[in-house]
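Observations on the three-dimensional arrangement
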Amino acid sequence: MTKSSNEKNQKNYPVKGQSMWGGRFSAEPGALMQAINVSIGFDQRLAAQDIRGSLAHSDMLAARGIITEDDRDAIHKGLKEIAQEIENGEFNFRDELEDIHLNIEGRLREMIGDAAGRLHTGRSRNDQVATDFRLWVRDYLDHFERQLTHLMQALLTQAEQNTDVIMPGFTHLQTAQPVTFGHHMLAYLEMFARDRARMTDARTRMNESPLGAAALAGTPYPIDRDMTASALEFDRPMANSLDAVSARDFALEALSACAICATHLSRLSEEIVIWTSAQFSFISLTDAFTTGSSIMPQKRNPDAAELVRAKVGRIMGALTSLMIVMKGLPLAYSKDMQEDKEPVFDAFEALDLGLAAMAGMVADMTPNKARLAEAAGHGFSTATDLADWLVRILGMPFRDAHHVTGTIVALAERQGKMLDALSLADMQSVEPRITQDVYSVLTPIASASSRTSYGGTAPSEVKRQVERWKTVLRSCK
Ligand code: ARG
């Protein structure tokens, strides 16, 4: 989604005829009032939603005999022309007209005269802006769902291609146990699936129409709120007019879902940054998602991952900011609520970019299989397998097996060897009952392959999960 091309029309201060401002707010109260009140610079993003709402509202007014069909037709024709002007970048957004609602209505009046004045019957800017903003947030939630599906597809492809690629699994960023690359990819797939479900959930809850709540109390006109709700593809009208104009929890909920999703993007970004470092060299990215250094010719910096990681800051900031705007407001509408939009616009645009970049990076990633396998064997990653062997074959209590294994690891460390390179005699010097059979569990691949419990890292289990996800994702749009 891109910003309206008309943003270039956004005016900076000082506005026409007020050049005495000289960039400082020492002007007369009228000018100051306009400066603090004006929102057209950002709420012009709601133009399409505003027009859509007005088309539905005027249709309903005519159907209920509140305005004539001629007026309705004139309003529709005018609104469609305005939509075209905005689309073509020809619309003159005016600060004097404060916001998107008054800008569109003002232009409609220029075009069709008196009939324009009848459009606002039985409605207020309070229910109008609540409707526009809901439509805007809803469109983005749909967009995020599609983007998340796309990202999940990319992760699934990586998982499918690398079900049996062994790598070190970490806890505390210290080598823990060998895992498979496919398993690691599926872990993120699960997270993004939950993010997608959160978006779907937020959408379902927010999909009610505020339109017709009017200023706060409803209206004496015989309006049909079901008709406008269904024209705007809402499930139903909101049941309480005070709530309808006051509620912004739909935006908070969407932002929360975005913030959680952004933390997942950030964690994956962090791994990409670590994995592409010379020290790890677990994966490589092409030039498509890296940049060179202006001074160090050897560098290939993972800038895209770093920027995705950094964008979480503004998304979380947006959530905090809107929470704070809302928390002290009495019912019903207060102008504070005009400050609801910018954080949401900014956060959604950041997430949009982050999701797109991440889907691109995941597809672009090439795991360095040899390096991953080598790293998987370091750090005594199969020590748990040795302990499990002592439990399983020698019938030792796990605590004793843990102690024996610790002694063997210390011995290997002194000799500078990996566990599977330690001689049988050395092992037997610690525990005489150990046999040659122990070596069958000491390689990273054996270790990973043995973890066949549901959700475990064994290639066989990862393949099963890959198949499950293939079926799930096939049924997504
Ligand atoms: N621009 C305003 C907003 O975003 C529209 C609603 C104005 N309502 C009012 N009662 N002044 O909140």
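Structure's up top.
Residues numbered from 1 in each chain as written. Predicted model: local features only at pLDDT ≥ 70, side-chain atom pairs only at ≥ 80, totals over all residues. Heavy atoms only, no water.

Section: unusual backbone geometry
A negative phi angle is the norm for most residues apart from glycine, just as the trans form is the norm for most peptide bonds. Across the junction of Leu 331 and Ala 332, the peptide omega takes the value 0 degrees, indicating a cis bond. Within the fold, Ala 332 resides in the loop between α12 (303-327) and α13 (341-364). Backbone geometry places His 172, a non-glycine residue, at a positive phi of 55 degrees. Although it is not a glycine, Glu 233 sits at a positive phi angle of roughly 60 degrees. Relative to the helices and strands, Glu 233 is located in the loop between α9 (225-231) and β4 (236-237). (Helix = DSSP H or I, 4+ residues; strand = E, 2+ residues; numbered from the N terminus.)

A look at empty space enclosed by the protein
Tallied over the entire structure, the rule returns one cavity of 30 Å³ or more. Of the pockets and cavities examined, the largest cavity occupies roughly 40 Å³. Around the largest cavity sit Ala 262, Leu 265, Val 308, Lys 311, Val 312, Ile 315, Ala 350, Leu 351 and Gly 354, which together line it. Every element with two or more residues in the lining of the largest cavity is listed here: α11 (249-275), α12 and α13. The leading source of residues in the lining of the largest cavity is α12, at four residues. For the lining of the largest cavity, a count of residues per class yields seven nonpolar, one polar and one charged. (1 Å grid on protein atoms, 1.4 Å probe; cavity = no way out; pocket = protein on both sides within 12 Å on 5 of 7 lines; lining within 4 Å. Points joined across faces, edges and corners; volume = space filled by probe spheres on them. Nonpolar A, V, L, I, M, F, W, Y, C, P; charged D, E, K, R; others polar.)

Quick word on the pairing of strand β2 (residues 174-180)
Pairing of strand β1 (residues 166-171) with β2 involves six bridges; the strand directions are antiparallel. Bridge pairing links Met 167 to Val 179 in β2. (Pairing = 2+ DSSP bridges.)

Structural notes on the packing of aromatic side chains
Within the structure shown, the criterion is met by 15 aromatic pairs. Aromatic pair Trp 136 and Phe 345: ring centres 4.6 Å apart, planes at 65 degrees, arrangement edge-to-face. With Trp 136 in helix α7 (residues 125-161) and Phe 345 in helix α13, this residue pair connects regions lying 209 residues apart in the sequence. We classify Trp 136 as buried; its relative accessible area is 6%. Ring geometry for Phe 181 versus Trp 275: centroids 5.8 Å apart, planes at 45 degrees, classification tilted. With Phe 181 in helix α8 (residues 181-206) and Trp 275 in helix α11, this pair connects stretches of sequence that are 94 residues apart. By relative accessible area, which is 0% here, Phe 181 ends up buried. (Phe/Tyr/Trp six-rings, centres within 6.5 Å; stacked < 30°, edge-to-face > 60°. Buried < 20%, exposed > 50% of the residue type's maximum accessible area, 1.4 Å probe, protein only.)

Things to note about the site of the ligand
With respect to spatial proximity, the complete set of residues near the ligand consists of Ser 39, Asp 99, His 101, Arg 125, Asn 126, Val 129, Tyr 333, Gln 338 and Lys 341. Between the ligand and Asn 126 there is a distance of 2.8 Å, counted from a nitrogen atom to a side-chain nitrogen or oxygen. With respect to the ligand, the side chain of Tyr 333 contributes an N or O atom lying 2.5 Å from an oxygen atom. When the free accessible area of the ligand is taken as 340 Å², the share hidden by the protein chains comes to 86%. (Near = heavy atom within 4 Å. Polar contact = N/O pair within 3.5 Å; in protein donor to acceptor, adjacent residues only side chain to side chain. Areas by Shrake-Rupley, 256 points an atom, 1.4 Å probe, with all protein chains shown as cover.)

Observations concerning α7
A turn of α-helix holds 3.6 residues, and therefore any two residues three or four places apart point the same way. With 37 residues, α7 should cover 54 Å at 1.5 Å per step; its first-to-last C-alpha distance of 54 Å lies within 8% of that length. A side-chain oxygen of the first residue of α7 lies 2.8 Å from the backbone nitrogen of Asn 126; this N-cap is Ser 124. (Expected span 1.5 Å × (residues − 1).)

Some details on the pattern of salt bridges
Here the structure, examined in full by the defined rule, presents 31 salt bridges. The salt bridge partner of Arg 94 is Glu 110, with a shortest N-O separation of 3.3 Å. Placement of Arg 94 in the loop between α4 (69-87) and α5 (100-112) and of Glu 110 in helix α5 is noted, with a sequence separation of 16 residues between them. For Arg 94, a relative accessible area of 27% corresponds to the partly exposed category. Here Glu 110 falls in the exposed class, since its relative accessible area comes to 51%. One salt bridge in this structure joins Arg 314 and Asp 346, with 2.7 Å as the shortest N-O distance. With Arg 314 in helix α12 and Asp 346 in helix α13, the pair connects residues that are 32 residues apart, well separated along the chain. Taken together, the salt bridges that share partners define one network made up of Glu 85, Arg 94, Glu 96, Arg 107 and Glu 110. (Salt bridge = Lys/Arg side-chain N within 4 Å of Asp/Glu carboxyl O.)

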